[in-house]
Amino acid sequence: MPDADREREARRLAQETKNERHMWWWLAYFLFGIHIVAFVMIYAVMHAPK
């Protein structure tokens, strides 16, 4: 049984690492998107007719 437990733990750790990597990519895209929106809003405000 110890081999099966080790294999199950290794699979769980691999999945956890994959999930964590996906979470960091999602966060990076989210923050990048917020900055794009902010720059567009700044551009719109700076170029708005007075």
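Just so we're clear, the structure is a prediction, and the values are computed from it rather than from any experiment.

### Quick look at the pattern of salt bridges
Turning to step 1, where the next piece is worked out: Tallied over the full model, the rule gives four salt bridges.
Turning to step 2, where the next piece is worked out: Residue Asp3 is joined to Arg6 by a salt bridge in which the shortest nitrogen-to-oxygen separation is 3.2 Å. Highlighted residues: Asp3 and Arg6, both in helix 1 (residues 2-46), separated by three residues, approximately one helical turn. Each member of the pair, Asp3 together with Arg6, is exposed.
Turning to step 3, where the next piece is worked out: When the shortest N-O distance is used, the salt bridge between Arg8 and Asp5 registers 3.3 Å. Linking Arg8 with Asp5, this pair stays in helix 1, spanning three residues, or about one helical turn.
Turning to step 4, where the next piece is worked out: Judged by its relative accessible area of 48%, Arg8 is partly exposed.
Turning to step 5, where the next piece is worked out: Here the salt bridges do not stand alone but share partners, grouping Glu9, Arg12 and Glu16 into one network.

### What to know about the packing of aromatic side chains
Turning to step 1, where the next piece is worked out: Taken as a whole and judged by the stated rule, the model has two aromatic pairs.
Turning to step 2, where the next piece is worked out: Ring centres 6.0 Å apart and planes at 35° place the aromatic pair Trp25 and Tyr29 in the tilted group. Placement of both Trp25 and Tyr29 in helix 1 is noted, with a separation of four residues, approximately one turn of the helix. Per residue, the accessibility class of Trp25 equals that of Tyr29, and both read exposed.
Turning to step 3, where the next piece is worked out: An angle of 5° between the planes, with centres 5.2 Å apart, marks the rings of Trp26 and Phe30 as stacked. Of this pair, Trp26 and Phe30 both sit in helix 1, four residues apart, which is roughly one turn of the helix.

Rules and cut-offs
Residues numbered from 1 in each chain as written. Predicted model: local features only at pLDDT ≥ 70, side-chain atom pairs only at ≥ 80, totals over all residues. Heavy atoms only, no water. Salt bridge = Lys/Arg side-chain N within 4 Å of Asp/Glu carboxyl O. Helix = DSSP H or I, 4+ residues; strand = E, 2+ residues; numbered from the N terminus. Buried < 20%, exposed > 50% of the residue type's maximum accessible area, 1.4 Å probe, protein only. Phe/Tyr/Trp six-rings, centres within 6.5 Å; stacked < 30°, edge-to-face > 60°.

Shape descriptors only; they carry no functional weight alone.
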